[in-house]
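Here is what each chain is made of, one letter per residue.
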Amino acid sequence: MVLEGNPEVGSPRTSDLQHPENQGSCILSSPGEDAQPGEEPIKYGELIVLGYNGCLASGDKGRRRSRLALNRRPHANGVKPDVMHHISTPLVSKALSNRGQHSISYTLSRSHSVIVEYTHDSDTDMFQIGRSTENMIDFVVTDTSPGGGAAEGPSAQSTISRYACRILCDRRPPYTARIYAAGFDASSNIFLGERAAKWRTPDGLMDGLTTNGVLVMHPAGGFSEDSAPGVWREISVCGNVYTLRDSRSAQQRGKLVENESNVLQDGSLIDLCGATLLWRTPAGLLRAPTLKQLEAQRQEANAARPQCPVGLSTLAFPSPARGRTAPDKQQPWVYVRCGHVHGYHGWGCRRERGPQERECPLCRLVGPYVPLWLGQEAGLCLDPGPPSHAFAPCGHVCSEKTARYWAQTPLPHGTHAFHAACPFCGAWLTGEHGCVRLIFQGPLD
């Protein structure tokens, strides 16, 4: 029995997988082998990280970005299970030393390990996601802190795995995308240690879970105007679907959900314990509003010349090119409890309840008073409806159906908590509904 494998047969060599043609930003631009020069590459779908309004705070650069398209690769790099070995620990290092052989190692005890070798799959493309910046990671994802932005600095402890998950896409129509927990490291190995949750399946194969898990939620009714949140599940290393563990890193797995699969749908959410990603299919993106439509809505809203009902000044949403900096003089502000839109003013403070707490001069409700910012990540929107609602308490503006969907979608937080959050900045939503209908006053003339 040969444990090393043959780099000429089976999975491609690591050097091939790390070639610039198969990694990084090339996913955004490289045409497939069947595409003619000048033709658009075949797109499997796009991943959008929640909590960023169209771009990372430091700018999208290479594989570290807020949104990434997964396109058909020039050459297939997928892998599939092949041979399983029961070996003793002294042979583990020998079995894992061949970088040309992809494998998953399950350590059952100090004297017993199971290694499943993987072989090349010419029918699929593999994309890997994680915190690591090594070349085998196609999409580098860092922790998103509530309120927008990434957790930065040497003291920031990340809960996202360096090799969090992998997505395998069929190279032939309908280009089905499937998600699996864990990604292959620089040695083309996935290693589940003695303390990791792992087990033998009824058919004699092995399966397991990563430390903090990969959770997936498929929306009911697709990602459209009629969508409703689905149920969060956990995906195993082999792509099976399980109910959630008692806590995020518990060693006892949930129950197998036999009637569900790891196939990604339009609007599927992928949680990596520190960041949540939205999967959009090409068909779904065709239904989503475009940046031009969002800009047209901004201009239409400004053309209505809304006014501050007290100061009578004309309000206007700022251009997205200006970014989310300090609000300007025309910036609309809102009382998030009632939805009344004003220009900025300094009265009505209730400092005993916090620096943002103000009393609305129209209805006397006391609550946060924040500037309004338009949601600019079109892929997060369910429909091209007018910007009529704002999330509370952050003030990001979008359509009513988009606001209501995200306000009722619980996102994983920590080891066992769930919170609804603004998809544009990641701020936890507050109030009875998590969003408010905006009440503008038109010009008096």
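Because the structure is a prediction, the values reported are computed rather than measured. (Residues numbered from 1 in each chain as written. Predicted model: local features only at pLDDT ≥ 70, side-chain atom pairs only at ≥ 80, totals over all residues. Heavy atoms only, no water.)

Trainee: Let's hear about the overall build of the protein: which residues, and what values?
Mentor: The helix and strand tally for the protein stands at six helices and 27 strands. Burial status across the protein gives 52% buried among its 445 residues. In the protein, the share of contacts with a sequence separation of at least 24, taken over all contacts with a separation of at least 6, comes to 65%. Accessible surface computed for the protein: about 20,200 Å², of which carbon and sulfur atoms make up 51%. (Helix = DSSP H or I, 4+ residues; strand = E, 2+ residues; numbered from the N terminus. Buried < 20%, exposed > 50% of the residue type's maximum accessible area, 1.4 Å probe, protein only. Contact = heavy atoms within 4.5 Å. Areas by Shrake-Rupley, 256 points an atom, 1.4 Å probe, with all protein chains shown as cover.)

Trainee: Requested: an account of the pairing of strand E17 (residues 276–280), with residues and values cited.
Mentor: Counting buried residues along E17, five of its five residues qualify, which places the element largely inside the surrounding structure. Because side chains alternate across E17, one face comprises the buried residues Thr276, Leu278 and Arg280, and the other comprises Leu277 and Trp279, equally buried. Sheet topology note: the strand E1 (residues 43–49)/E17 ladder contains four bridges and is antiparallel. Across the sheet, residue valine 49 finds its bridge partner in E17, namely leucine 277. Bridge count between strand E16 (residues 269–271) and E17: three bridges; the pairing is antiparallel. Looking across to E17, one finds that leucine 269 is bridged to leucine 278. (Pairing = 2+ DSSP bridges.)

Trainee: How would you sum up the packing of aromatic side chains? Please name residues and give values.
Mentor: Evaluated as defined, the whole model comprises 13 aromatic pairs. For the ring pair phenylalanine 391 and phenylalanine 424, a centre distance of 6.4 Å and an interplane angle of 55° mean the geometry is tilted. With phenylalanine 391 in strand E23 (residues 389–391) and phenylalanine 424 in the loop between strand E26 (417–419) and strand E27 (435–437), the pair connects residues that are 33 residues apart, well separated along the chain. Like phenylalanine 424, phenylalanine 391 is buried. Aromatic rings pair up to connect Trp333, Tyr335, Tyr344 and Tyr369 into one cluster. Above the face of the tryptophan 199 ring, arginine 253 is positioned so that its terminal group lies 4.5 Å from the ring centre. (Phe/Tyr/Trp six-rings, centres within 6.5 Å; stacked < 30°, edge-to-face > 60°. Lys NZ or Arg CZ within 6 Å of the ring centre and 35° of its normal.)

Trainee: Pulling in residues and values, what's your account of the sheet that holds strand E6 (residues 124–130)?
Mentor: Spatial strand order, E7-E6-E8-E9: four strands in an open sheet with mixed pairing. Looking along the sheet, the strands with just one partner apiece sit at the ends: strand E7 (139–140) and strand E9 (177–181). The pairing of E6 with E7 spans two bridges and is classified as parallel. Its bridge partner lying in E7, glycine 130 is registered against valine 140.

Trainee: Tell me about the sheet that holds strand E20 (residues 357–359), and please be specific about residues and values.
Mentor: A sheet is described by the order of its strands in space; here four strands give the open sequence E19-E18-E21-E20, paired in antiparallel fashion. The strands lining the two open edges of the sheet, one partner per strand, are strand E19 (341–342) and E20. Here strand E18 (residues 333–335) pairs with E19 via two bridges, running antiparallel. Its bridge partner being in E19, valine 334 is matched across the sheet by valine 341.

Trainee: Could you give me a rundown of a nonpolar patch on the surface, with the residues and numbers involved?
Mentor: The grouping of Val310, Trp347 and Leu362 at the surface amounts to a nonpolar patch, some 270 Å² of accessible area in total. A relative accessible area of 37% means that valine 310 is categorised as partly exposed. (Patch = residues over 30% accessible without salt bridge, like charges linked within 9 Å, V, L, I, M, F, W, Y side chains within 5 Å. Salt bridge = Lys/Arg side-chain N within 4 Å of Asp/Glu carboxyl O.)

Trainee: Describe in detail the nonpolar core, supporting the description with residues and values.
Mentor: Core analysis: the biggest nonpolar cluster contains 45 residues, and Leu47, Ile129, Ile167, Ile179, Ile270, Leu272 and Leu277 have the highest contact counts within it. The residues touching leucine 277, leaving out its near neighbours within four places in the chain, are Leu47, Ile48, Val49, Ile129, Phe139, Val141, Ser268, Leu269, Ile270 and Leu272. If you look at the next biggest cluster of nonpolar residues, it comprises 27 residues, including Leu50, Met217, Phe223 and Cys425. (Core = buried A, V, L, I, M, F, W, Y, C linked by side-chain atoms within 4.5 Å.)

Trainee: Describe the environment of valine 257, listing the residues and the values that go with them.
Mentor: For valine 257, the position within the fold is in the loop between strand E15 (241–242) and E16. Residue class for valine 257 comes out buried when judged on its relative accessible area of 9%. For the pair valine 257 and arginine 233, spaced 24 residues apart in the sequence, the C-alpha separation amounts to 8.7 Å. The contact partners of valine 257, leaving out residues within four places of it in the chain, are Arg233, Val241, Tyr242 and Thr243.

Trainee: Just give me the short version of helix H5 (residues 291–303), but keep the residues and values in it.
Mentor: The first and last C-alpha atoms of H5 sit 18 Å apart over 13 residues, in line with the 18 Å expected at 1.5 Å per residue. Looking at the residues trailing H5, positive phi occurs at arginine 305, about 50°. (Expected span 1.5 Å × (residues − 1).)

Trainee: Any details on the state of the cysteines? Residues and values, ideally.
Mentor: This structure, assessed with the given rule, holds zero disulfides. This cysteine, cysteine 398, is not joined by any disulfide, and cysteine 381 carries the nearest cysteine sulfur, 6.2 Å off. (Disulfide = S-S within 2.5 Å.)

Trainee: Explain the pattern of salt bridges to me, and be specific about the residues and the numbers.
Mentor: Under the counting rule described, the total for this entry stands at 16 salt bridges. Beyond isolated ion pairs, a larger network of salt bridges with shared partners links Lys43, Glu46, Arg67 and Glu377.

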